Amino acid sequence: MAHDVTLIPGDGIGTEITAATLRVLDATGVEFAWDRVEVGEVSLAAGGPVLPEEVYDSIRRTGVSLKGPVATPVAGGHRSVNVTIRKTLDLYACVRPVRNLPGIKTPFDGVDLTIVRENTEGLYSGIEHMVTEGVAESLKVITHKGSTRIARYAFEYARKRGIGKVTAVHKANIMKVSDGLFLECVRAVRPEFPEIEYNEMIVDNCAMQLVRWPEQFGVLVMNNLYGDILSDLCAGLVGGLGVAPGANIGEMGAIFEPIHGTAPDIAGKGWANPTGMLLSATMLLDHIGEDAAAARLKAAMDAVLEKGEVRTRDLGGKAGTDEYADALIKALAG
């Protein structure tokens, strides 16, 4: 029986890496019924709105989505499509696992951690205004509900995967009320998970520790802005944004997507690396209960990367998007 999944190809290189990912997923033998919807620049070019209502309708119906990157205008233009979808559907948990991949040389070995980021509040609440001429104000919103549920999600994620340590990342030494509330909520949840080691770390120290000794971390839980910044930093530890997956999960659905942008400078050239989206697809497979297919896809990717004969340009190779996908399909075939 086919799995109903909402498909959002995205902008820029999104359409290219989406097409490659669909071909590879087809090779796993798992059947999908894709409900394709367009957002962002693609939707605007077709005469539609930036974010059509049918996108929400589809995700509410299927409960799961595979999504490519979508561009966000800088200092003007429409609001982030990504943030809007997450807030509207209350996809409160942003989950970004990071691990070393075979054959990709980096300054670090043994990196295997997960950023769990609160996704709906903090400075990304979008509450900002001009106080007076030349003075702007942005409000950081931290709630007991939001902090408690992301803390519980992080501990449950660690327990389910046998990860022995959770670190709460904060700036409560300066933001004593907002980040203080966040820490209070994490501390209140902690006793429910006595088998998991717990510690707290100020965000700037955490950034330093990540580039000094990343192997010490298991699951890191934090609010929105810190998670956005540190997850990109962690991607840099293992090869860059092109090899980092992500998911946005809530009670009403889950969206799986790479963490990188639309890369308009290489869009249409066939150079884009689909690894981040393919790893996001393995998370999707796990989510819908296709664990065996997820394991096979991960193994195929590891084998191709370790062999090193077919790599995209960002990883030091010369292969294009389709050539890389072809290599993965061959590896899946055994």
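Our subject is the structure that appears above.
This structure is a prediction, so every number in the text was calculated from the model and none was measured. (Residues numbered from 1 in each chain as written. Predicted model: local features only at pLDDT ≥ 70, side-chain atom pairs only at ≥ 80, totals over all residues. Heavy atoms only, no water.)

Draft legend 1. Up close: the pairing of strand S7 (residues 135-138). Across 4 bridges, the pairing between strand S6 (residues 128-132) and S7 is antiparallel. Its bridge partner being in S7, His129 is matched across the sheet by Glu137. Connecting S6 to the antiparallel partner S7 that follows it, the hairpin turn spans 2 residues, and Gly134 within it adopts a positive phi of roughly 80 degrees. (Pairing = 2+ DSSP bridges. Helix = DSSP H or I, 4+ residues; strand = E, 2+ residues; numbered from the N terminus.)

Draft legend 2. Just the packing of aromatic side chains, in detail. In the structure shown here, the tally under the stated rule is 5 aromatic pairs. Aromatic side chains Phe32 and Trp34 sit 4.7 Å apart centroid to centroid with 20 degrees between the ring planes, which places their arrangement in the stacked category. Overall, the relative accessible area of 29% leaves Trp34 in the partly exposed class. For the ring pair Tyr92 and Tyr153, a centre distance of 6.2 Å and an interplane angle of 90 degrees mean the geometry is edge-to-face. Of this pair, Tyr92 sits in the loop between helix H4 (81-88) and strand S4 (93-99) while Tyr153 sits in helix H5 (residues 144-161), and the two are 61 residues apart along the sequence. With respect to class, Tyr92 is no different from Tyr153; both count as buried. Three or more aromatic residues link up through ring pairs in this structure, and these residues are Tyr92, Tyr153 and Tyr157. (Phe/Tyr/Trp six-rings, centres within 6.5 Å; stacked < 30°, edge-to-face > 60°. Buried < 20%, exposed > 50% of the residue type's maximum accessible area, 1.4 Å probe, protein only.)

Draft legend 3. Spotlight on the sheet that holds strand S9 (residues 197-202). Ordered in space as S2-S1-S3-S12-S11-S4-S5-S10-S8-S9, the 10 strands form an open sheet in which the pairing is mixed. Every interior strand has two partners, whereas the edge strands, strand S2 (32-36) and S9, have only one. For this sheet, the mean angle separating the axes of adjacent strands, direction not counted, is 25 degrees. Pairing geometry for strand S8 (residues 165-170) and strand S10 (residues 219-222), over 3 bridges, is parallel. Each bridged residue has a counterpart across the sheet, and for Ala168 the counterpart in S10 is Val221. (Axes fitted to C-alpha atoms, helices over the stretch in contact; angles between N-to-C directions.)

Draft legend 4. View of unusual backbone geometry. Although it is not a glycine, Asp90 adopts a positive phi angle of roughly 55 degrees. Considering the arrangement of structural elements, one finds Asp90 in the loop between H4 and S4. Asp90 sits in the partly exposed class, given a relative accessible area of 25%. A positive phi angle, close to 45 degrees, is found at Ala263, a residue other than glycine. Relative to the helices and strands, Ala263 resides in the loop between strand S12 (253-256) and helix H9 (275-287). Judged by relative accessible area, Ala263 falls into the partly exposed class, the value being 23%.

Draft legend 5. Representation of the pattern of salt bridges in the model. One pass over the structure, following the stated rule, counts 19 salt bridges. Among the ionic pairs, Asp35 bridges to Arg61, the shortest N-O distance being 3.3 Å. Of this pair, Asp35 sits in strand S2 while Arg61 sits in helix H3 (residues 53-62); the two residues are 26 residues apart in sequence, bridging distant segments of the chain. With relative accessibility at 25%, the residue Asp35 sits in the partly exposed group. Salt bridges here are not isolated pairs; linked through shared partners, they connect Arg23, Asp322 and Asp326. (Salt bridge = Lys/Arg side-chain N within 4 Å of Asp/Glu carboxyl O.)

Draft legend 6. Structural detail: the packing of H3 against H4. One can describe the packing of H3 onto H4 by two numbers: an axis separation of 11 Å at closest approach and a directional angle of 50 degrees. Relative to H4, the element H3 lies oblique. Here H3 runs over H4; the crossing is right-handed. Counting all contacts with H3, which are made through Val55, Tyr56, Ile59 and Arg60, the residues of H4 involved are Thr84, Ile85 and Thr88. Broken down by class, the residue content of the contact of H3 with H4 amounts to 4 nonpolar, 2 polar and 1 charged. (Parallel < 35°, antiparallel > 145°, perpendicular 65-115°, else oblique. Left-handed = near helix turned anticlockwise from the far one by under 90°. Contact = heavy atoms within 4.5 Å. Nonpolar A, V, L, I, M, F, W, Y, C, P; charged D, E, K, R; others polar.)

Draft legend 7. Representation of the side chain of Arg96. Position of Arg96 relative to the elements: it lies in strand S4. On the accessibility criterion, Arg96 (8% relative accessible area) is buried. A polar contact is formed between the side chain of Arg96 and the side chain of Ser231, at a distance of 2.7 Å. (Polar contact = N/O pair within 3.5 Å; in protein donor to acceptor, adjacent residues only side chain to side chain.)

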